[in-house]
Amino acid sequence: ADDLAFRIQIAVYAYFIFGILWIIESCSNIGWTALSGNVSHWYFFRDDKDFYTRTPLLRSLGRVFRFHLGSIFFGSFIIAVVQFIRLVLLLIDKYTKKQQQANFLLKLAIKCTQCCMYCLEKTLKFITDYCYIYVAMQGSGFCRSCFATFTLIMAHPAQLTINTFVRVILSWVQLLGLPVACAFLVNIVLTAQ
């Protein structure tokens, strides 16, 4: 009876942890798709008075909730599965430390599996980020958008490298620039009194 209760407890913990991973990934991807739809709508329809709106982000978010939730939940599910497998591997690594010290091949297998799952998660996140942009622009499903995205990435690797480099530079400028600008403004306000 204690063994059955323990297994049920583990299953409930696993269920809730997976649900949390899926919800976090889904919320993040809903925001990313809404923002991508907003930017693409502005880019393609900025001079068209028929498509003008005072709340473009809310309109894009409405399109996401109306048309794209299935694609977002499916992609989020795939990434949540990979993240859950990584957590299980971390638990296996934690509870087999003594066996790993005795057996080098076991340690190597666990570390290699963790590395492969990390690389798989990063690759899936990279492709699905571009896939959600394609979903927001074209309105196609997740699998079709992923295939189109992967085809586009393979056709233009240099452009992708430049885009990724610029995105990293801009994120570092934002990461460093905002706190420095806030500190500078606070300094001006505090020393002016």
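See the structure printed just above.
Description of the structure in this document. (Residues numbered from 1 in each chain as written. Predicted model: local features only at pLDDT ≥ 70, side-chain atom pairs only at ≥ 80, totals over all residues. Heavy atoms only, no water.)

Re the packing of aromatic side chains
Two measures describe an aromatic ring pair: the distance that separates the ring centres and the angle between the ring planes. Heads up, the condition is: Between the rings of Phe, Tyr and Trp (Trp by its six-membered ring), a pair exists once the centres lie within 6.5 Å; its type follows the angle of the planes, with under 30 degrees stacked, over 60 edge-to-face, and the other angles tilted. For the exposure calls, accessible area comes from a 1.4 Å probe over protein chains only, and a residue counts as buried if that area is under 20% of its type's maximum, exposed if over 50%, partly exposed in between. Here a strand is any run of E in DSSP of at least two residues, a helix any run of H or I of at least four, and the numbering for each starts at the N terminus. A positively charged side chain is recorded as over a ring if its NZ (Lys) or CZ (Arg) lies within 6 Å of the ring centre. The angle to the ring normal must also be within 35 degrees.
Summed over the entire model, instances satisfying the criterion amount to ten aromatic pairs. Measuring from ring centre to ring centre gives 5.5 Å for Y15 and F16, while their planes differ by 75°; the resulting arrangement is edge-to-face. Accessibility classification places Y15 together with F16 in one group, the exposed group. With a centroid separation of 5.9 Å and an interplanar angle of 45°, the aromatic rings of F18 and W22 are classed as tilted. With a gap of four residues between them, F18 and W22 both fall in helix α1 (residues 2–45), about one helical turn apart. Residue classification places W22 among the partly exposed positions, given a relative accessible area of 31%. Aromatic ring contacts, followed pair by pair, group F18, W22, F77 and F84 into a single cluster. R46 extends its terminal NZ or CZ atom over the ring of W42, reaching a point 4.9 Å from the ring centre. Here R46 stacks its cationic end above the ring of Y43, 5.2 Å away from the centre of that ring.

Focus on a nonpolar patch on the surface
Going by this rule: Patch membership is restricted to residues that have no salt bridge and whose relative accessible area is over 30%. Joining uses 9 Å for like charges and 5 Å for the nonpolar side chains Val, Leu, Ile, Met, Phe, Trp and Tyr. Methods summary: accessible areas were calculated by the Shrake-Rupley approach with a probe of 1.4 Å, and residue burial reflects only the protein chains presented. Every case where a carboxyl oxygen of Asp or Glu lies within 4 Å of a side-chain nitrogen of Lys or Arg is listed as a salt bridge.
Taken together, F6, I10, Y13, I17, L87 and L90 make up a surface patch of nonpolar side chains, about 570 Å² in accessible area. Elements supplying a minimum of two residues to the nonpolar patch: α1 and α2 (56–95). Here the nonpolar patch takes four residues from α1, the largest share from any one element. Structurally, Y13 can be placed in helix α1. Its relative accessible area of 47% is what places Y13 among the partly exposed residues.

Observations regarding helix α6 (residues 157–192)
Because the α-helix completes a turn every 3.6 residues, residues three or four places apart line up on one side. The criterion, for reference: The span one expects for a helix is its residue count, reduced by one, times 1.5 Å. To obtain the bend at a residue, axes are fitted to the seven residues ending there and to the seven starting there, and the angle between these axes is taken.
Taking 1.5 Å of rise per residue, 36 residues should cover 52 Å, and α6 covers 52 Å from first to last C-alpha, within 8% of that figure. Where α6 bends most, at G177, the angle is about 25°, and the proline P179 comes one to four residues later.

A word on the side chain of E25
Inclusion rule: Residues count as neighbours in contact if any of their non-hydrogen atoms are within 4.5 Å of one another.
Note on placement: E25 falls in helix α1. Looking at E25, the relative accessible area reads 8%, which means it is buried. When near neighbours in sequence (up to four residues on either side) are disregarded, E25 contacts S76, I79, Q83 and K125.

Structural notes on the state of the cysteines
What is meant by a disulfide is a covalent connection between two cysteines, made through their sulfur atoms. Here is the rule we go by: In this description, a disulfide is simply a cysteine sulfur pair whose atoms lie within 2.5 Å.
The full count for this structure, using the stated rule, is zero disulfides. Distance from the sulfur of C112, which forms no disulfide, to the nearest cysteine sulfur (C116) is 6.5 Å. Not engaged in a disulfide, the cysteine C143 finds its nearest cysteine sulfur in C146; these two sulfurs lie 6.8 Å apart. Overall, the relative accessible area of 55% leaves C143 in the exposed class.

What about α2?
Spanning 40 residues, α2 covers only 50 Å between terminal C-alpha atoms, well under the ideal 58 Å at 1.5 Å per step. A bend of about 80° at H68 is the largest found in α2.

With respect to the packing of helix α4 (residues 104–138) against helix α5 (residues 142–155)
Geometry of a packed helix pair, given as the angle between the helix axes and the separation of the axes. The cut-off we apply is this: Here, axes are lines fitted to C-alpha atoms. For helices the fit covers the stretch in contact, and angles between N-to-C directions go from 0 to 180 degrees. In this scheme, roughly parallel covers angles under 35 degrees and roughly antiparallel covers those over 145, while 65 to 115 is roughly perpendicular and the rest are oblique. For any pair of crossing helices, the crossing counts as left-handed if the nearer helix is rotated counterclockwise from the farther one by less than a right angle, and right-handed if it is rotated clockwise.
Contact geometry for α4 and α5: axes closest at 8 Å, N-to-C directions at 110°. Between α4 and α5, the crossing angle belongs to the class labelled roughly perpendicular. At the point where α4 passes α5, the crossing takes the right-handed sense. Across the interface between the two elements, F126, I127, T128, Y130, C131, Y132, Y134 and V135 of α4 pack against F142, S145, C146, A148, T149, F150 and I153 of α5.

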